[in-house]
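Single-letter residue listing:
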Amino acid sequence: MTVTDLSLERNGRLILDKARLSIDQGQITAIVGPSGAGKSSLIHVLNGSITPTSGVIHATDLGPLSSPTTWERMRKRTGTIFQGNALIGRLPALDNVLSGLVDTRHPLSLLPWSRVARARAMDALRQVDLLDRAFERTENLSGGEQQRVGIARALARQPRLLFADEPFSALDRPLAMRFCELFAASTRETGRTVVLVTHQLDLARAFADRVIGLRSGRIAFDGPTTLFDKEAERYVFSGNSNL
Amino acid sequence: MTVTDLSLERNGRLILDKARLSIDQGQITAIVGPSGAGKSSLIHVLNGSITPTSGVIHATDLGPLSSPTTWERMRKRTGTIFQGNALIGRLPALDNVLSGLVDTRHPLSLLPWSRVARARAMDALRQVDLLDRAFERTENLSGGEQQRVGIARALARQPRLLFADEPFSALDRPLAMRFCELFAASTRETGRTVVLVTHQLDLARAFADRVIGLRSGRIAFDGPTTLFDKEAERYVFSGNSNL
Amino acid sequence: GFAEERPPTKLIVGLLPGESAPTVMRLNEPLRAYLQDTLHIPVEIVVGANYAATSEALRFGRIDIAYLGPVTYILQSKRAPLEPFARPSHAGVGSTFQASIIVPAGSAATKLSDLRGGEIAFGDPASTSGTWVPRWQLLAEGLISGRDYTMQVLGAHDAVALAVANRKVAAGGISKPILLRLLKEGKIPADKVRVLQDSPPIPEYMWTFRAGLDPAFKAEIRNAFLNLKDAAALAVFRAEAFVPAKDSDVDDVRRWVADIQAVSQKTAWAPK
Amino acid sequence: MNDINPTPEFDVIDTEWRRREHLKYAFTIGAALCCATAFSFAGGFEFSRYEGAPSTVLKLAADSWPPDFSRWREWGRPLLETLATGVTGTVLGAALALPFAALAAQNIGPSPFIRQSVRIFLNAIRSLPGLIWGVIFVAAIGFGPLPGAFALGVHSTGMLGKLFFEAMEHVDPSPGAALKAHGASELAVFRFAVLPQAVPRLVDALIYRFEHNLRAATTLGVIGAGGLGLQIVTAFHLFEYKEASALIILLLIVVTAVNLLGARVRRRLLAL
Amino acid sequence: MNDINPTPEFDVIDTEWRRREHLKYAFTIGAALCCATAFSFAGGFEFSRYEGAPSTVLKLAADSWPPDFSRWREWGRPLLETLATGVTGTVLGAALALPFAALAAQNIGPSPFIRQSVRIFLNAIRSLPGLIWGVIFVAAIGFGPLPGAFALGVHSTGMLGKLFFEAMEHVDPSPGAALKAHGASELAVFRFAVLPQAVPRLVDALIYRFEHNLRAATTLGVIGAGGLGLQIVTAFHLFEYKEASALIILLLIVVTAVNLLGARVRRRLLAL
Ligand SMILES: Nc1ncnc2c1ncn2[C@@H]1O[C@H](COP(=O)(O)OP(=O)(O)OP(=O)(O)O)[C@@H](O)[C@H]1O
Ligand SMILES: Nc1ncnc2c1ncn2[C@@H]1O[C@H](COP(=O)(O)OP(=O)(O)OP(=O)(O)O)[C@@H](O)[C@H]1O
Ligand SMILES: [Mg+2]
Ligand SMILES: [Mg+2]
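Residues numbered from 1 in each chain as written. Chains lettered and ligands numbered in written order. Predicted model: local features only at pLDDT ≥ 70, side-chain atom pairs only at ≥ 80, totals over all residues. Heavy atoms only, no water.

Novice: Sorry, what's going on with the sheet that holds strand β8 (residues 150-153) of chain C here?
Specialist: Residues and elements named next belong to chain C. Judged by pairing direction, the sheet is mixed, and its 5 strands sit side by side in the order β8-β7-β9-β6-β10 without closing on themselves. Of all strands in the sheet, those bounded by a partner on one side alone are β8 and β10 (193-198). On average, each strand axis in the sheet is inclined to that of its neighbour by 30°, with strand direction left out of account. Inspection of the sheet shows strand β7 (residues 119-122) paired to β8 by 4 bridges, in the parallel sense. Directly across from F122, in β8, lies its bridge partner V153. (Pairing = 2+ DSSP bridges. Helix = DSSP H or I, 4+ residues; strand = E, 2+ residues; numbered from the N terminus. Axes fitted to C-alpha atoms, helices over the stretch in contact; angles between N-to-C directions.)

The structure is reproduced here in structure tokens:
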């Protein structure tokens, strides 16, 4: 996946400024940067939630993502963990996870979810240790538990490309480690591509193959993790983007 | 502030189980524990948002918080940073910060916010680097920016007792450090008491005077930070509380 | 307690519309101008399409005089000391009008008793010619609502005419002047409905004082109406003149209402 | 507070803050003036009109007391008719309103053109008063609860359509965006993200409208749709206030029961 | 999927899942049966009734075409009256509804007893049909737009009270909890957390009700409250369908304008 000259403006603010980056298949790419740098916006552009003001996104085997059909094929294979979770609070956790599989059924079908979908959703909930809370209203779960429901929704899709926007921000360290290892295993075993936005630089250093540093909407660093040293870090995080 | 035999049940789940702890004035107390352990619930009980099923909360100079009047006096001096922010998305950031000062004005007054309140709110926004976004709709801000608005709302109160529930989960490391230092300075200079819930154990170790470890609603560790070693950490986080 | 005895500074006249309200006001402009000239005080006409509103406004003194149908007057005069003082008199028939029971043109009915077992449509439940008189006509032939026919209350004369013309009911009760107007204006095709039976003459609507008006002022108003010669003002009421009216003028109607009530305690509306 | 060091930036923000505050006050005052103008045009400031108003209301209330339940046996069927009319009308309305609302909501509708057309269409069917829908359906399919149900159904489509699309527009967009990013079609976003979030409000609107329709039978009863409404209007037109108040209490009980039942259904079934 | 190893726990959850699914289906079927019963009781399955219905509707539509705007000069004042009545009624209703709603909402009201009492009170004033409120106010303060405005105001209080408290109950509780933890009183939570969140929906309800009130003048026109409503109903009763359709188009334009204006006010001023 390569992106050229991506710019994004929202409400008159320039949020991404001619970003140019590429994401390697079967690898973990970490996106880091100060708060408000535009990381979430970049993820939203990459997964097709927001149309950029300018710039082209090129998928390795689909070519430029310009038409609705190429986007549709792209979306089929991606899963996203959203910052802020984007869950429906009044629905049970299981239903929120199932909703990640919505592209597998006809939107008007009155049949219940298929066995396969149910099994996948339950398996995803099991992976995030929440199988016993499957029928709890999502809004009754703790912050970290809700985040894990969001993770489960993306995992249930068994995506070839996984976008994860601060997926561990509300999780304790052992859990975060476990998920990082899970991601790493899936890249190794199934060739999954993972794009991980995180403020936990040690995790990024430990698990990512490549680091992209964003600063005020511009790419401030792009290279293999080994090159992302203290100095690069200081450069990316120097000065708050808002000031 | 001391708490004895605090139990909390919600929707038939036992969430806090006879917790007994004390919080020292003028110190930073870190509360740590696995996701779903009951940390946020504890904060909600301590700041009076939830009435516990049983147990007594005792404030150092107010005595047992049993009557509405003692609670009211207690609340006057506390500020809370909520996990999940609890902001009103459609209001400007500044209004959300001002709402932290709502106990300083009559609820039916048609007058605008006082100069003092405005100055305090702006100062708080400045402290979180968001003064230039004062009139942005809060829902248009990035995850970390929203979290900082939540921090500013609590800071604007200049509270003697500050509850902070994962206040840095969406912030980058330098910002988190800055806030930790800010908290530490305020405890030193104004004798502020800080109760910090966090998953970032290194921050807890670096800044907290005391660590309380929660595990499945029970106190699994309570002692000075120096005693919270790797083994204590392993004990608190051993096994997910849900399984 | 309307013991107010001083002459009012303004006369408010209440009317029910046979046309749209501004039309009623425009048509009655000659009457209003005449009253204003004669009484030397401002006169205002208000139009309410609802019997209850107009007569309650009269009862509580929000209007000074109103043009009330016999049944409305009978019901309201039980609760407030109203005083009728004038009613229109028509060429040939005097101070009366008629109701009709109409059937669809193709109906096999030739007399009222043929309507037994059918659905019959009526107008407003408080209407003299749209409900009470036709019901009495049927009663006179031994037909009792709820037992011998089903009452359909449609709320307005035009709805009754339309329902009959469209064969939605076996028959309908309607004010004869309104039926004639609808036919004349082609609103209801003349070949769609047939009059089965006209009612006996019904005492005309009455101009009625509210309670508590100053007697001298009442006399002035009464005289103004009785001396009205203005053709344009009278034409609206299809009248030659206004003649004096008194409470006993509607005794016939009182008897009819009582007859209906006597048999209909169980089977239909029975005012107490 | 002496502990705050104002920076020059503070002044800029404070000025902007005051500008916004002034704008709000100006808007409030402007709106208040509009309202006062309307009120004065309606004659609300002619205080002499209020003289005697409280005593009139008290008198009318006294006339309605105690409620007269003596004819309760005859209310069973009208009550059932009202319920049947209300349920049918509401269900028809809701069933039609749901797809229209989906087309009209900003966050799901397929195109601005379709959205605006559907909104105007909904406005148009709302603009025809329920009474006129009633007359149309009576003309088309005859009397009884059915035309009433259809009239309510059509009118409810317009109303519920609006309430529904507003409820849909107010949902949190992020779960829908998440589904979309996962390849869900517009329709799937509607069904699996918008609808589940909107459902509590849709049920609120539905119960609200059901209640409204039960009471709307009051208006429709008059045009031949029957039900409790006809009873109330008839009692009222014949000045049988004691009986009217009894009927209204019955209606109140039904409405309250519907609300309680609705609240229970919401709690029980939607919590699943 | 062959990549999933079911654990015994899966079966437990799957069973529970199926139980819940069955419950939903059962509820849906039960509700559908209820509706079908009501529909059949209303006579909706007597298909013979629909014969000729389309042609009747078409005939009526044809009769209403083209709309006849020839009397537009006379509509200026009724239109103004309608607007004045609608604005006044809505504002009165909203001003009264707001405090009642605050008392009735589950998440702010002071006590369950007060909450339930206020709800029953709101139900009660809704249960009196608008028409009857109209008659009461005509009796109390005479004819004209003012009684109409008051009747709408009282009725709107009941309606808006319900819509308002529902909107208030649906807000996100967390900002309110935050204020409360910071020592805010119930009242302050209401003003600074509930109200700001509910405002877009309150405005929706207000516009909805304003629109409703503009049209409700149709009903109230009948009791002499004037306005466009009386024009429409009388035109309709006089079979002047072409004029009625012109008036309805006028009303549609006004209603659409109100909605557009409302949407703009919402976007502009509430975005501040
Ligand atoms: N209203 C509720 N009903 C039922 N269970 C609840 C409710 N609120 C919280 N819980 C449960 O109580 C437990 C503790 O929740 P709490 O939010 O205190 O956890 P936490 O320690 O803050 O976790 P995290 O680190 O994930 O935020 C969780 O398992 C949660 O699911
Ligand atoms: N709809 C919007 N209108 C205006 N500004 C926006 C909007 N959405 C985002 N922004 C701004 O764009 C910038 C980047 O936002 P984004 O959410 O991408 O940041 P981020 O890097 O994810 O930050 P964080 O680490 O805090 O989540 C922020 O300054 C934010 O305020
Ligand atoms: Mg972000
Ligand atoms: Mg928590």
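Let's pick the thread back up.
Novice: What am I meant to see in the interface of chain E and chain A here?
Specialist: Bring the parts together and some accessible area is lost; that lost area is often taken as the interface size. Listed by partner, the interface residues are 15 residues for chain E and 20 residues for chain A. Approximately 1600 Å² of surface area, both sides summed, lies buried where chain E meets chain A, with 65% of it carried by carbon and sulfur atoms. For the pair chain E and chain A, the interface holds 2 salt bridges. A salt bridge links R118(A) to D14(E), with the nearest nitrogen and oxygen atoms 2.9 Å apart. If you look at where chain E meets chain A, you find 2 residue pairs in polar contact (both at pLDDT 80 or more). Partitioning the side of chain E that touches chain A into residue classes produces 6 nonpolar, 1 polar and 8 charged. (Contact = heavy atoms within 4.5 Å. Buried area = accessible area lost by both parts, 1.4 Å probe. Salt bridge = Lys/Arg side-chain N within 4 Å of Asp/Glu carboxyl O. Polar contact = N/O pair within 3.5 Å; in protein donor to acceptor, adjacent residues only side chain to side chain. Nonpolar A, V, L, I, M, F, W, Y, C, P; charged D, E, K, R; others polar.)

Novice: Could you clarify how one ought to interpret the coordination of the magnesium ion (ligand 3) in this entry?
Specialist: The textbook angles at a metal center are 109.5 degrees for a tetrahedron of four donors and 90 or 180 degrees for an octahedron of six. The coordination sphere of the magnesium ion (ligand 3) contains the protein donors S40(A) (OG) and Q83(A) (OE1), at a distance range of 1.9 to 2.0 Å. Separated by 43 residues along the polypeptide, S40(A) in helix α1 (residues 39-46) and Q83(A) in the loop between β6 (78-81) and α3 (93-98) bring together distant segments of the chain. (Donors = N, O, S within 2.8 Å, 3.2 Å for Na, K, Ca; no water.)

Novice: Would you take a moment to explain the relation of the copies chain D and chain E for this structure?
Specialist: Applying a rotation about an axis and a shift along it to one chain copy brings it onto the other copy. When chain D is fitted onto chain E, the two copies agree to an RMSD of 0.1 Å after a turn of 180° and an axial shift of 0.0 Å. When the rotation and shift are considered jointly, the pair of chain copies conforms to a two-fold rotation axis. A shared binding surface is used by both copies, with 99% of the interface residues of chain D retained as interface residues in chain E. (Least-squares fit on C-alpha atoms with pLDDT ≥ 70 in both.)

Novice: When you look at the packing of helix α2 (residues 29-39) of chain C against helix α8 (residues 215-226) of chain C in this model, what are you seeing that I'm missing?
Specialist: The description of two packed helices rests on the angle between their axes and on the distance between the axes. Residue and element names in this part refer to chain C. Remark: α2 packs on α8, axes separated minimally by 10 Å, with the N-to-C direction vectors making an angle of 130°. It follows from the interaxial angle that α2 and α8 lie oblique. Here α2 and α8 pass one another in a crossing that is right-handed. Contact with α2, carried on its side by L31, Y34, L35, T38 and L39, involves E220, I221, A224 and F225 of α8 and no other residues of that element. Here the residues of the contact of α2 with α8 are counted per class, giving 7 nonpolar, 1 polar and 1 charged. (Parallel < 35°, antiparallel > 145°, perpendicular 65-115°, else oblique. Left-handed = near helix turned anticlockwise from the far one by under 90°.)

Novice: Looking at this model, I keep getting lost on the site of ligand 1. Mind explaining?
Specialist: Around ligand 1, 22 residues are found, and the nearest of them are S142(A), G144(A), E145(A), S40(B) and S41(B). Within the contact set of ligand 1, an oxygen atom lies 2.8 Å away from a side-chain nitrogen or oxygen of S35(B). For ligand 1, the protein covers 94% of the area, taking 630 Å² as the surface of the free molecule. Those elements that place two or more of their residues in the shell around ligand 1 are α5 (143-156) of chain A together with β2 (13-22) and α1 (39-46) of chain B. A per-class count over the shell around ligand 1 returns 3 nonpolar, 12 polar and 7 charged. (Near = heavy atom within 4 Å. Areas by Shrake-Rupley, 256 points an atom, 1.4 Å probe, with all protein chains shown as cover.)

Novice: Sorry if this is basic, but what is going on with the coordination of the magnesium ion (ligand 4) here?
Specialist: Note on the magnesium ion (ligand 4): its protein donors are S40(B) (OG) and Q83(B) (OE1). The metal-donor distances range over 1.9 to 2.0 Å. Since its relative accessible area comes to 26%, Q83(B) is described here as partly exposed. (Buried < 20%, exposed > 50% of the residue type's maximum accessible area, 1.4 Å probe, protein only.)

Novice: I keep staring at the nonpolar core and nothing clicks. Help me out?
Specialist: Among soluble globular proteins, nonpolar side chains are generally buried collectively. Counting residues in hydrophobic clusters, the biggest one holds 168 residues, and the most contacted among them are M168(D) and M168(E). Among residues more than four places away in sequence, those in contact with M168(E) are L98(E), A101(E), A102(E), A105(E), N107(E), I108(E), F190(E), V194(E), L195(E), A198(E) and L202(E). Core analysis: the next-biggest nonpolar cluster, separate from the first, contains 99 residues, V13(C), V47(C), I136(E) and A151(E) among them. (Core = buried A, V, L, I, M, F, W, Y, C linked by side-chain atoms within 4.5 Å.)

Novice: Even after reading the chapter, I still don't get the packing of aromatic side chains, so can you show me in this structure?
Specialist: Note on aromatic pairs: each is described by the distance of the centres and the angle between the planes. Applying the stated rule across the entire model yields 42 aromatic pairs over all chains. With 5.3 Å between their ring centres and 70° between their planes, F237(C) and F242(C) make a pair best called edge-to-face. Across the pair, exposure class does not vary: F237(C) and F242(C) are buried alike. Within the aromatic cluster, the residues linked to one another by ring pairs are Y67(C), F85(C), F97(C), Y205(C), W207(C), F209(C), F225(C), F237(C) and F242(C). Looking at R105(A), its charged tip hangs above the ring of W113(A), at a distance of 4.5 Å from the centre. Taking NZ or CZ as reference, R178(A) lies 6.0 Å from the ring centre of F179(A), over its face. (Phe/Tyr/Trp six-rings, centres within 6.5 Å; stacked < 30°, edge-to-face > 60°. Lys NZ or Arg CZ within 6 Å of the ring centre and 35° of its normal.)

Novice: Sorry if this is basic, but what is going on with the interface of chain D and chain E here?
Specialist: Taken residue by residue, the interface counts 72 residues in chain D and 72 residues in chain E. Both faces combined, the contact of chain D with chain E buries some 6600 Å², and carbon together with sulfur accounts for 71% of it. Counting the contacts that link chain D with chain E gives 4 salt bridges. K162(D) serves as the salt-bridge partner of E211(E), at 4.0 Å between the closest nitrogen and oxygen. Seen at the junction of chain D and chain E, the total is 16 residue pairs in polar contact (both at pLDDT 80 or more).

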